[in-house]
Amino acid sequence: QDAGNHTLLTEFVLSGFSSRPELQHLLFFTICSVYSMTLIGNLLICMVTLHPTLHTPMYFFLRVLSLLDISTASVVVPKMLLNLLSEDRSISYLGCVTQLYCVVFLGATEWYLLAAMAYDRFVAVCSPLRYSAIMNPRACLSLVLLSCCSGKVVSVVQTAWVFTLSLCRPRRINYFFCDIPPLVMLSCADTSRYERQVISATVLVILTPFCLILLSYTCIISSILKISSAESRRKTFSTCSSHLTVVTLYCASGTLIYLQPKSSNSQDAKKILALVYTTVIPTLNPLIYSLRNKEVKEVLTRVMAVLMKK
């Protein structure tokens, strides 16, 4: 069968972590535990932020972020867990296309949403008197929809580019899900122009929002230092540092994965980074945002008390 002919290519094989077969069962239970924590933690965030006392733009964005985290993990982890226990690690051509589209869409959308969250914090700290007027419900919904539409455009373009490459190497993907770098590795054609396009997309989707976020936080920190009350400074900085922590984790892992799309020497390292990006960070988000947020903890305590009584 000619792997370069798209009409004959019906499936791929995900190698996953086959280089360390003795760790398959340990990886399964570890990743399964992390995935369970991701679902529970983010669902709790979604439920808690629906409380009337938390109907603010910050918690609206946090709820959307939690939904994106659940979706990202669910697109990758179930198939990965199945492959860890099965000898058959194949994924259909259409399944691979769908998985890549969803991963890129959710990842790009999340980056634009993080930028929107930074803008929300910027307005809250730097223009508190105009905050309610600027960050009204319509504006918040528009920012979320704009993030989704931007993510969709990026995903359609990237997915179309990848699957128009001439794939003439074996259909075995040295990864645990369908992503851009391992799929580019399957092409024996000159992909230098495409690699430049991937790097440009990385700059557009990750580094540009990251720079805008840093600019927002430069202004925020400047305003925080002007606050006379030490308690107010501590509270404001705590809220903003939570968001900045998440952004830094995403940026570090995302740029290292996509800035060298056809680097075979770092493929194992990319697997680890991708595992962190798709499974660990979505688990950390609820912990970072909830355990350091007094309002969320108070509502969560009340909700848990009601559930325990039932």
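Predicted, not measured: the structure shown is a model, and the values here were computed from it.

As for the overall build of the chain
Line of reasoning, step 1. In terms of helices and strands, the chain carries 10 helices and 3 strands.
Line of reasoning, step 2. Along its sequence from the N terminus, the chain presents helices and strands in the succession β-α-α-β-α-α-α-β-α-α-α-α-α.
Line of reasoning, step 3. Here the chain holds 310 residues, and the buried ones make up 47% of them.
Line of reasoning, step 4. For the chain, the accessible surface area stands at approximately 15200 Å², while carbon and sulfur atoms represent 68% of it.

Notes on the packing of aromatic side chains
Line of reasoning, step 1. One pass over the structure, following the stated rule, counts 12 aromatic pairs.
Line of reasoning, step 2. Relative to Tyr 93, the ring of Phe 12 lies with its centre 6.0 Å away and its plane at 20°, an arrangement referred to as stacked. In this pair, Phe 12 sits in strand S1 (residues 11-14) while Tyr 93 sits in helix H3 (residues 93-126), placing the two residues 81 residues apart along the sequence. For the pair shown, Phe 12 and Tyr 93 are each scored as buried.
Line of reasoning, step 3. Taking the centre distance of 6.2 Å and the plane angle of 5° together, the rings of Tyr 101 and Phe 105 count as stacked.

Considerations on the sheet that holds strand S2 (residues 90-92)
Line of reasoning, step 1. If you walk across this open sheet you meet the 3 strands as S2-S1-S3, and the pairing is mixed. Since the sheet does not close on itself, it has two edges, and those belong to S2 and strand S3 (172-173), each with one partner.
Line of reasoning, step 2. Direction of pairing for S1 relative to S2: antiparallel, over a ladder of 3 bridges. Following the sheet pairing, Val 13 is matched in S2 by Ser 90.
Line of reasoning, step 3. Packed onto the sheet, H3 meets S1, S2 and S3 and runs at close to 85° relative to S2.

Details of the side chain of Ser 253
Line of reasoning, step 1. Tracing the chain through its elements places Ser 253 in helix H8 (residues 230-258).
Line of reasoning, step 2. In this structure Ser 253 comes out as buried when scored by relative accessible area, which is 4%.
Line of reasoning, step 3. Polar side-chain contacts of Ser 253 include one of 3.0 Å to the backbone oxygen of Leu 249.
Line of reasoning, step 4. Apart from residues lying up to four places away in sequence, Ser 253 is in contact with Leu 273, Tyr 277 and Ile 281.

Describing the state of the cysteines
Among covalent bonds in proteins, the disulfide is the one between the sulfur atoms of two cysteines.
Line of reasoning, step 1. Counted under the stated rule, the structure contains 1 disulfide.
Line of reasoning, step 2. There is a disulfide in this structure between Cys 96 and Cys 178, and the S-S distance comes to 2.0 Å. Given an S-S torsion of about -120°, the disulfide between Cys 96 and Cys 178 has left-handed geometry. Residue Cys 96 is found in helix H3, and its partner Cys 178 is found in the loop between S3 and helix H6 (180-184); the two are separated by 82 residues along the sequence. As far as the burial class goes, Cys 96 and Cys 178 line up, both buried.
Line of reasoning, step 3. Unpaired in terms of disulfides, Cys 148 finds its nearest cysteine sulfur in Cys 149, a separation of 6.9 Å.
Line of reasoning, step 4. Note on Cys 148: relative accessible area 27%, which makes it partly exposed.

A short note on the UniProt feature "transmembrane region" (unreviewed entry) in the chain
Line of reasoning, step 1. UniProt records the feature "transmembrane region" (unreviewed entry) for residues 26-48, 60-78, 98-119, 140-163, 199-225, 237-260 and 272-291 in the present numbering.
Line of reasoning, step 2. Secondary structure across residues 60-78 comprises 100% helix and 0% strand; the distance between its end C-alpha atoms is 27 Å.
Line of reasoning, step 3. Taken end to end, residues 199-225 comprises 96% helix and 0% strand; its first and last C-alpha atoms sit 37 Å apart.

A closer look at helix H1 (residues 24-48)
Line of reasoning, step 1. For H1, which comprises 25 residues, the first-to-last C-alpha distance of 36 Å matches the rise-based estimate of 36 Å (1.5 Å per residue) to within 8%.
Line of reasoning, step 2. Along H1, the residues classified as buried are Gln 24, Phe 28, Ile 31, Tyr 35, Thr 38, Gly 41, Asn 42, Ile 45, Cys 46 and Val 48.

A closer look at the environment of Glu 195
Line of reasoning, step 1. Note that Glu 195 resides in helix H7 (residues 192-224).
Line of reasoning, step 2. In this structure, the C-alpha to C-alpha distance between Glu 195 and Tyr 258, residues 63 residues apart in sequence, is 9.2 Å.

Here we look at the environment of Pro 282
Line of reasoning, step 1. Examined against the element boundaries, Pro 282 turns out to sit in helix H9 (residues 267-290).
Line of reasoning, step 2. With relative accessibility at 0%, the residue Pro 282 sits in the buried group.
Line of reasoning, step 3. In this view, Pro 282 contacts Thr 38, Asn 42, Asp 69, Val 276 and Tyr 277; residues no more than four positions away in its chain are not counted.

What counts and what doesn't
- Residues numbered from 1 in each chain as written.
- Predicted model: local features only at pLDDT ≥ 70, side-chain atom pairs only at ≥ 80, totals over all residues.
- Heavy atoms only, no water.
- Helix = DSSP H or I, 4+ residues; strand = E, 2+ residues; numbered from the N terminus.
- Buried < 20%, exposed > 50% of the residue type's maximum accessible area, 1.4 Å probe, protein only.
- Areas by Shrake-Rupley, 256 points an atom, 1.4 Å probe, with all protein chains shown as cover.
- Phe/Tyr/Trp six-rings, centres within 6.5 Å; stacked < 30°, edge-to-face > 60°.
- Pairing = 2+ DSSP bridges.
- Contact = heavy atoms within 4.5 Å.
- Axes fitted to C-alpha atoms, helices over the stretch in contact; angles between N-to-C directions.
- Polar contact = N/O pair within 3.5 Å; in protein donor to acceptor, adjacent residues only side chain to side chain.
- Disulfide = S-S within 2.5 Å.
- UniProt positions renumbered as here; feature names shortened; annotations may be inferred.
- Expected span 1.5 Å × (residues − 1).

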